[in-house]
Amino acid sequence: MTTLKLWFSSIATVFANFGALLVFAIIYAFLLLASYIFISIREATVWQVLVTYALMILIPIGFFTLQAAIVNRAMDQKLRWRVILIDALKFLAVTVLVLLVVWLLHYLLNKVAARYPAPVVEIPPPTKAAQPATPAKPALHWPSLIFATLRFVLWGVAFPLAAIHLWIAVAGGEVRNLVAKSFFKRVASALARAFSADSVLIYGLGLIIFFVLPYVILVPTFRFNGNKTEFAFLGLRLLASFVFSLLGWVLTLTAFARAVPGLPPELSAP
């Protein structure tokens, strides 16, 4: 119940400052536009190649600036851009380290999974009537299901939770504090909190808003008589997906930041 109260109080915290929410929306829109240009552009001319390389740098900078701005707003109740830019670089370094560890675990998991390959389904020869034979339904291969589940947990749950909590642990302060003894204690405490029941519950609630709802809105196909009506409805779906994905992610990071022990009472109490 404490976690649920914290989650719902974070909603009021997010909507209490529409100026910060507008800043988050602008950065997020820039990320989506830059990602679309990066995917759709063709490397045919010199300028297109230069734009591609520029976007390879700008997209990560924009992504981690957005995360740093959300965390800084939740912890300090204001946007300090000098601290945000420093935190963005620290978030990038932390994410690379976590990504390397997760990639190593994924590699080892694939090595173990290779020892339990799925059986090959043999198609029986055709019958005398020249009718194609229906292959027998293969039995459930439990090792494949288990390893697929572990991969999802590794990339979809463990990696985001570890990265988010380490972001919060290194947020604020100066770069020189990264070598202090208290820094390693904060990192160890952050990793311990990352996989607690409260942390998983907050992440699960956020996942419904920033991933499941946009997916449900975008995936179904609808047919309309007029092209204008269909285009307008598509625009509404894209706008709703944009809003839900942004708000869900901001709420999730805000709830995580406010759940960290040691914040002032007015920030950490539900």
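What you see as residue numbers is a count from 1 along each chain, following the sequence as written. Where totals are concerned, whole chains, interfaces and linings use all residues; where local detail is concerned, this predicted model gives features only for residues with pLDDT of at least 70, and gives and counts side-chain atom pairs only at 80 or more. Side-chain measures were taken over the full set of non-hydrogen atoms in the model, leaving aside hydrogen atoms and water.

Novice: Can you walk me through the environment of Pro-119 in this structure?
Specialist: The way it works is that DSSP assigns letters per residue, a run of H or I at least four long becomes a helix, a run of E at least two long becomes a strand, and they are numbered from the N terminus. Within the secondary structure, Pro-119 sits in the loop between α4 (81-113) and α5 (142-170). Pro-119 sits 20 residues away from Ala-139 along the chain, and the two C-alpha atoms are 9.3 Å apart.

Novice: Explanation requested: unusual backbone geometry in the structure shown.
Specialist: Peptide bonds are mostly trans, and most non-glycine residues show a negative phi. Non-glycine residue Gln-77 carries a positive phi angle of around 60°. With respect to the element layout, Gln-77 can be found in the loop between α3 (46-76) and α4.

Novice: When you look at the confidence of the model for the protein in this model, what are you seeing that I'm missing?
Specialist: It should be kept in mind that the predicted coordinates are not to be read in detail where pLDDT is low. One number per residue, pLDDT, summarises how confident the predictor is, and it ranges from 0 to 100. Here the protein averages 84 in pLDDT, and 86% of its residues register 70 or above. The secondary structure element of the protein with the lowest average pLDDT is helix α9 (residues 265-268), at 38, and the one with the highest is α4, at 93. A low-confidence stretch, residues 263-270 (pLDDT under 50), is modelled with 16 contacts involving residues beyond four sequence positions or located in other chains. Throughout, a residue-residue contact means that at least one pair of heavy atoms, one from each residue, lies within 4.5 Å.

Novice: Looking at this structure, how should I read the nonpolar core?
Specialist: Inside soluble globular proteins, nonpolar side chains tend to come together where they are buried. Formed by 56 residues in total, the largest nonpolar core has its most connected members in Phe-24, Phe-91, Trp-167 and Ile-168. Elements supplying a minimum of two residues to this core: α1 (2-15), α2 (18-40), α3, α4, α5, α6 (181-194), α7 (197-218) and α8 (227-258). Ignoring any residue separated from it by four or fewer positions in sequence, one finds Phe-24 in contact with Leu-66, Ala-69, Ile-70, Arg-73, Leu-79, Leu-246 and Val-250. Think of a nonpolar core as a cluster: buried Ala, Val, Leu, Ile, Met, Phe, Trp, Tyr and Cys residues, connected wherever their side-chain atoms sit within 4.5 Å. Residue burial is assigned from relative accessible area. The probe radius is 1.4 Å, only protein chains are included, and a residue is buried under 20% of its type maximum, exposed over 50%, and partly exposed in between.

Novice: Sorry if this is basic, but what is going on with the packing of aromatic side chains here?
Specialist: For any pair of aromatic rings, the description rests on two quantities: the centre-to-centre distance and the angle between the ring planes. Stacked, tilted and edge-to-face are the three classes applied to pairs of Phe, Tyr and Trp rings, where Trp contributes its six-membered ring and a pair requires centres within 6.5 Å; stacked means planes under 30 degrees apart, edge-to-face means over 60, and tilted covers the rest. Using the criterion set out here, one finds twelve aromatic pairs in the structure. Residues Phe-63 and Phe-64 carry aromatic rings whose centres are separated by 5.0 Å and whose planes lie at 85° to one another, so their mutual orientation is edge-to-face. For Phe-64, a relative accessible area of 7% translates into the label buried. Measuring from ring centre to ring centre gives 6.2 Å for Phe-64 and Trp-167, while their planes differ by 85°; the resulting arrangement is edge-to-face. Here Trp-167 lies in helix α5 and Phe-64 lies in helix α3, a separation of 103 residues in the sequence. Clustering of aromatic rings is evident, with ring pairs tying together Phe-63, Phe-64, Phe-91 and Trp-167.

Novice: I'm lost on the packing of α5 against α7 in this one. Help?
Specialist: For any two helices packed against each other, the geometry is given by the interaxial angle and the distance between the axes. Axis lines are fitted to C-alpha atoms, over the contacting stretch for helices. Their N-to-C directions set the angle, which ranges from 0 to 180 degrees. Interaxial distance between α5 and α7 falls to 11 Å at its minimum, and their mutual angle equals 105°. The orientation of α5 with respect to α7, classified from their angle, is roughly perpendicular. In contact with Gly-156, Val-157, Pro-160, Leu-161 and His-165 of α5, α7 contributes Ser-199, Val-200 and Tyr-203. In this count, Pro and Cys sit with the nonpolar residues alongside Ala, Val, Leu, Ile, Met, Phe, Trp and Tyr, while Asp, Glu, Lys and Arg are called charged and the others, Gly among them, polar. Residue composition of the contact of α5 with α7, grouped by class: five nonpolar, three polar and no charged. An angle below 35 degrees is read as roughly parallel, one above 145 as roughly antiparallel, one from 65 to 115 as roughly perpendicular, and any other as oblique.

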